[in-house]
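Tertiary structure, described
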Amino acid sequence: MNKNVIKLQEKWQALILDANKIPAVTASKQWFERQSERDQKILKALAGFVGLCVIILMFIQPFYSKQDLYEAKLDKSIAVYEQLAKNAHKFQGGSGSSDSSAPILALITKQAKIAQINLKRFEPDDQNLRIWLDDVAFDNAARWLETLTRDYGINVKQISVERSDKNGRVDLRATLYK
């Protein structure tokens with residue numbers, strides 16, 4: 001390691017000697033030496049200030065400009081997120097039918113008629129609706145419940161499915177909510 005330090009010092013001294021051979025450097029060195037001690041201190045302080053400014057411009061300022069760029073990207077991303085959050089309701093519920101704001105009982109009875117499912121009994125319970133289906137085809141009931149969830153946001157809170165005497169048919173009890 002000492003060899004590297006010695007080589008570095010030798011190269012530095014050779015560089016200084018080469019710089020002293022340049023006429024502009026020798027002239028400025030002579031001019032500096034002719035100045036008073038007070039002026040030399042002021043010139044050294046000024047050179048330090050200029051050196052500090054160069055360091056700031058070369059190293060520190062690019063970090064601040066990148067920070068501004070990243071803040072602008074963040075602001076843009078936040079704006080996009082807020083726009084998506086504001087319009088999220090448009091993407092929920094599949095079909096976007098105007099019926100989706102109707103009361104749960106009206107939606108379920110209407111969709112049951114469309115799916116040709118006979119509701120044996122239904123009972124409103126606060127924001128839930130309990131339904132009873134007897135001797136219904138399992139596939140039809142499953143499709144009907146899936147349509148209610150996908151298109152109208154009506155979910156199954158609790159369900160009980162029992163096999164009926166006939167093949168592929170079930171008795172179904174469910175509690176649905178919106």
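No experiment lies behind these values; they were computed from the predicted model shown.

**Quick look at unusual backbone geometry**
Positioned with a positive phi, Gln116 is a non-glycine residue whose angle comes to about 60°. Within the secondary structure, Gln116 sits in the loop between helix H5 (104–114) and strand S1 (121–125). The class of Gln116 is exposed, set by a relative accessible area of 73%. At Asp135, a position not held by glycine, the phi torsion is positive, near 50°. Assignment of secondary structure puts Asp135 in strand S2 (residues 128–137). On the basis of relative accessible area, Asp135 is assigned to the partly exposed category, the value being 28%.

**Here's the deal with the pairing of strand S4 (residues 169–177)**
Pairing analysis gives 8 bridges linking S2 to S4, with the strands arranged antiparallel. Looking at S4, one finds that Arg130 is bridged to Thr175. As defined by bridge partners, strand S3 (residues 155–163) adjoins S4 across 8 bridges and the pair is classed as antiparallel. Opposite Asn155, over in S4, you have Tyr177 as the bridge partner. Counted along the chain from S3 to the antiparallel partner S4, the turn is 5 residues long, and its residue Gly168 has a positive phi close to 80°.

**Some details on a nonpolar patch on the surface**
Taken together, the side chains of Leu46, Phe49, Val50, Leu52, Val54, Ile55, Ile56, Leu57, Met58, Phe59, Ile60 and Tyr64 define a hydrophobic patch exposed on the protein surface, amounting to about 1200 Å² of accessible area. By the secondary structure assignment, Leu57 is in helix H3 (residues 37–86).

**Considerations on the nonpolar core**
Ranked by size, the top nonpolar core spans 20 residues in total, and within it Ile108, Ile131, Trp144, Leu148, Ile154 and Leu176 carry the most contacts. Contributions of two or more residues to this core are made by H5, S2, helix H6 (138–152) and S4. For this core, the element with the most residues is H6, which contributes 5 residues. Setting aside residues up to four positions removed in sequence, Ile108 forms contacts with Leu119, Leu129, Ile131, Trp144, Leu148, Ile154 and Leu176.

**Overview of H5**
Counting along an α-helix, one turn takes 3.6 residues, and residues three or four places apart therefore face a common direction. Those residues of H5 lying buried are Ile104, Leu107, Ile108, Gln111 and Ala112. Buried residues along H5 cover an arc of 125° about the axis, so they all sit on one side. Residues of H5 that are exposed and angled more than 90 degrees away from the buried face: Lys113 and Ile114. On the buried face of H5, the contacting elements are S2, H6 and S4. Positive phi appears at Gln116, one or two residues downstream of H5, with a value of about 60°.

Cut-offs and rules
- Residues numbered from 1 in each chain as written.
- Predicted model: local features only at pLDDT ≥ 70, side-chain atom pairs only at ≥ 80, totals over all residues.
- Heavy atoms only, no water.
- Helix = DSSP H or I, 4+ residues; strand = E, 2+ residues; numbered from the N terminus.
- Buried < 20%, exposed > 50% of the residue type's maximum accessible area, 1.4 Å probe, protein only.
- Pairing = 2+ DSSP bridges.
- Patch = residues over 30% accessible without salt bridge, like charges linked within 9 Å, V, L, I, M, F, W, Y side chains within 5 Å.
- Areas by Shrake-Rupley, 256 points an atom, 1.4 Å probe, with all protein chains shown as cover.
- Salt bridge = Lys/Arg side-chain N within 4 Å of Asp/Glu carboxyl O.
- Core = buried A, V, L, I, M, F, W, Y, C linked by side-chain atoms within 4.5 Å.
- Contact = heavy atoms within 4.5 Å.
- Arc of directions from axis to C-beta.

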